[in-house]
Amino acid sequence: MAERTWRPDGPYDMRRSLEVMGRGARDPALMALRDGTVWRASRTPEGPASVRLRQTPAPAGAGRGDGPAGEVVATAWGPGAEWLLRRLPELLGAGDRPDDFVPRHAPVADVWRRHRGVRLIRTGLVMESLIPSVLEQKITVEEAFRSWRRLLLRFGEPAPGPAGVVPEGLRVMPDRRTWSLIPSWEWHRAGVDAKRSATILRAVRLAPRLEEAGAMPLDLAIRRLCAVPGVGPWTAAETLQRSNGEPDAVTVGDLHLPSQVGWTLAGEREADDARMLALLEPYAGQRYRATRLIRMAGRRPPRREPRRRHWDIARL
């Protein structure tokens with residue numbers, strides 16, 4: 001067991017900052033408990049690790065507004081514990097520069113005012129974000145979350161740490177060899193089609209080269225990831241938002257984001273990627289942060305038809 005404490009230099013909301021790492025409420029690799037504790041299981045370059053994160057209460061009248069926040073206490077177990085703790089401040093958003101952001105629209109300014117403690121996290125682990133992002137291609141997030149959960153519970157390993165302390169069901173994602181040995185029928189049972197599973201297998205074979213993208217500038221990192229057949233700009237942006245904490249890694253090619261941006265910023269319901277990028281131009285350099293705030297605002301154009309039924313290929 002190892003421990004480290006980090007004190008934010010301004011307002012900080014740990015749970016909101018870390019929630020982007022989670023793949024649904026039942027993600028086996030990230031658990032947010034009712035007592036405010038966040039547990040994370042990770043496969044680091046030095047081996048698997050689990051970490052428990054607790055934020056102490058902020059001084060009276062401070063924390064999520066403009067005042068100082070309570071410190072974060074991290075306790076880690078496993079061969080990768082020291083690696084995780086060395087990178088703890090980066091993971092929690094110490095390298096983020098939220099003061100560079102200037103809201104240009106009233107809805108964005110309102111969310112920004114209420115959530116100044118949300119930071120962009122940086123895990124430094126590319127594959128950890130790339131694989132679940134590939135699973136989310138061309139399907140609903142609910143389907144992708146089910147696939148991720150089944151694969152981790154079936155092929156991941158229990159998070160290191162003492163029984164009775166580490167939450168039951170916390171899992172470290174499979175290593176490269178295990179990913180490569182998953183049979184085709186297990187991918188099918190997890191609801192993953194051949195195209196996405198093939199993309200993951202190609203990425204796993206190239207994992208050392210792809211992990212290098214975690215220290216690259218945004219344009220070079222996108223180029224490195226998109227060199228893998230099956231990985232496009234959407235998947236690359238979704239990955240680098242988490243692994244690199246890139247404030248400008250805007251997601252293009254998303255089914256819902258353009259209309260949400262168009263509706264929130266201009267009252268338009270038919271915005272496409274080109275229109276979304278035009279509306280986000282005032283936020284150049286901070287477009288991912290802007291879209292995250294827009295998602296947090298929760299404004300969406302009214303539905304014109306019922307939600308479509310999606311077929312689970314695992315049942316076929």
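As a reminder, the structure under discussion sits directly above these lines.
To keep things clear, this report deals only with the structure shown in the data block. Numbering of residues starts from 1 in each chain and follows the order in which that chain's sequence is written. Residues qualify for local features only when their pLDDT is at least 70, as the model is predicted, and side-chain atom pairs are given and counted only at 80 or more; totals for whole chains, interfaces and linings, by contrast, use all residues. To get the side-chain values, take all heavy atoms of the structure and skip hydrogens and water.

From N to C terminus, the protein chain includes 15 helices and seven strands. Whereas a compact globule of 316 residues would reach a radius of gyration of roughly 20 Å, the protein chain reaches 19 Å, a difference of no more than 12%. With the principal axes as the frame, the protein chain shows a C-alpha extent of 50 × 45 × 40 Å. The buried share among the 316 residues of the protein chain stands at 53%. Taking contacts inside the protein chain between residues at least 6 apart in sequence as the whole, the part at least 24 apart equals 68%. Roughly 15400 Å² of accessible area belongs to the protein chain as shown, and the carbon and sulfur atoms make up 51% of that amount. Counted as positive: Lys and Arg. Counted as negative: Asp and Glu. His and the chain ends are not counted at all. Lys charges are placed at NZ, Arg charges at CZ, Asp charges at CG and Glu charges at CD. Between the averaged position of the 52 positive side-chain charges in the protein chain and that of its 38 negative side-chain charges there is a distance of 4 Å. Here a helix means four or more residues in a row that DSSP labels H or I, a strand means two or more in a row labelled E, and each is numbered from the N terminus. Every radius of gyration here is taken over C-alpha atoms, with the globule rule written as 2.2 Å times N^0.38, N being the number of residues. The classification of residues rests on relative accessible area computed with a 1.4 Å probe and restricted to protein chains. Under 20% of the type maximum is buried, over 50% is exposed, and intermediate values are partly exposed. Whether two residues touch is decided by their heavy atoms; if any such pair falls within 4.5 Å, the residues are in contact. Working definition of accessibility: Shrake-Rupley area with a 1.4 Å probe, residue cover restricted to the visible protein chains.

A few words on the pairing of strand E4 (residues 47-55). Counting buried positions over the nine residues of E4 gives seven, a clear majority of the element. In this description, strands pair whenever DSSP reports at least two bridges between them. Sheet topology places strand E3 (residues 38-44) next to E4; seven bridges connect them, and they run antiparallel. Note on E4: the bridge partner recorded for Arg43 is Pro48. Bridge count between E4 and strand E5 (residues 72-77): six bridges; the pairing is antiparallel. Residue pairing across strands places Arg54 opposite Val73, the latter belonging to E5.

What follows covers the nonpolar core. Grouped together as the largest cluster of nonpolar side chains are 32 residues, with contacts concentrated most on Met127, Ile131, Leu151, Trp179 and Leu225. Listing elements by their share of this core, those giving two or more residues are helix H5 (126-135), helix H6 (141-155), helix H9 (194-205), helix H10 (207-211), helix H11 (218-226) and helix H12 (233-243). Here this core takes six residues from H5, the largest share from any one element. What Trp179 contacts, discounting residues up to four positions off in sequence, is Ile131, Trp148, Leu151, Met173, Pro174, Trp187, Leu201 and Val204. To define a nonpolar core, start from buried Ala, Val, Leu, Ile, Met, Phe, Trp, Tyr and Cys residues and group those joined through side-chain atoms within 4.5 Å. Core analysis: the next-biggest nonpolar cluster, separate from the first, contains 27 residues, Leu18, Leu53, Leu85 and Ile121 among them.

Two rings from Phe, Tyr or Trp (for Trp, the six-membered ring) form a pair when their centres are within 6.5 Å of each other. A pair whose planes differ by under 30 degrees is stacked, one over 60 is edge-to-face, and the rest are tilted. Scanning all chains against the criterion turns up five aromatic pairs. Here the aromatic rings of Phe101 and Trp112 are separated by 5.2 Å at their centres, their planes lie at 65°, and the arrangement is edge-to-face. Of this pair, Phe101 sits in the loop between helix H3 (88-92) and helix H4 (106-114) while Trp112 sits in helix H4; the two residues are eleven residues apart in sequence, bridging distant segments of the chain. Residue class for Phe101 comes out buried when judged on its relative accessible area of 4%. Between Phe101 and Tyr283, the aromatic rings sit 5.4 Å apart at their centres with planes inclined by 10°, giving stacked as the arrangement. Pair noted here: Phe101 is in the loop between H3 and H4 and Tyr283 is in the loop between helix H14 (273-279) and helix H15 (287-297), with a separation of 182 residues, a long-range link. Relative accessible area serves as the criterion here: at 2%, Tyr283 is assigned to the buried category.

What follows deals with the pattern of salt bridges. The term salt bridge refers to a side-chain nitrogen of Lys or Arg lying within 4 Å of a carboxyl oxygen of Asp or Glu. Counted by the stated rule, this structure contains 21 salt bridges. Here Glu136 and Arg23 are joined by a salt bridge, their closest N and O atoms 2.7 Å apart. Taken together, the residues Glu136 in the loop between H5 and H6 and Arg23 in the loop between helix H1 (14-18) and strand E2 (30-32) connect sequence positions 113 residues apart. For Arg23, a relative accessible area of 4% translates into the label buried. A salt bridge links Arg154 to Glu186; the nearest nitrogen and oxygen atoms lie 3.2 Å apart.

Mapped onto the elements, Arg149 comes out in helix H6. Considered as a pair, Arg149 and Arg23 are 126 residues apart in the sequence and their alpha carbons are 8.4 Å apart. In this structure Arg149 touches Arg26 and Pro28, once residues within four positions along its chain are discounted.

Relative to the elements of secondary structure, Phe155 occurs in helix H6. Through-space distance from the C-alpha of Phe155 to that of Gln260 is 36 Å; in sequence the pair is 105 residues apart. Setting aside its immediate chain neighbours within four residues, Phe155 contacts Pro174, Thr178, Ile182, Pro183 and Glu186.

Right, let's talk about H9 for a bit. Its twelve residues place the ends of H9 16 Å apart at the C-alpha level, agreeing with the 16 Å of an ideal helix rising 1.5 Å per residue. If you follow the buried residues of H9, they end up packed against H5, helix H7 (176-180), helix H8 (184-189) and H10. For the purposes of these results, a polar contact is taken to be a pair of N or O atoms within 3.5 Å, where, inside protein, one atom must be able to donate a hydrogen and its partner to accept one; residues adjacent in sequence count only when each atom of the pair is a side-chain atom. Between the side-chain oxygen at the start of H9 and the backbone nitrogen of Lys195 there is a gap of 3.2 Å, and the oxygen is on Asp193. By definition here, a helix of n residues has an expected span of 1.5 Å times n minus one.

What follows deals with helix H13 (residues 257-266). Burial of H13 is extensive: eight of the ten residues sit out of reach of the surface. Those residues of H13 that sit buried are Leu257, Pro258, Ser259, Gln260, Val261, Gly262, Thr264 and Leu265. At its buried positions, H13 is contacted by H4, H14 and H15. Downstream of H13 by a residue or two, Gly267 has a phi angle that is positive, lying close to 70°.

In short, geometric facts, not functional conclusions.
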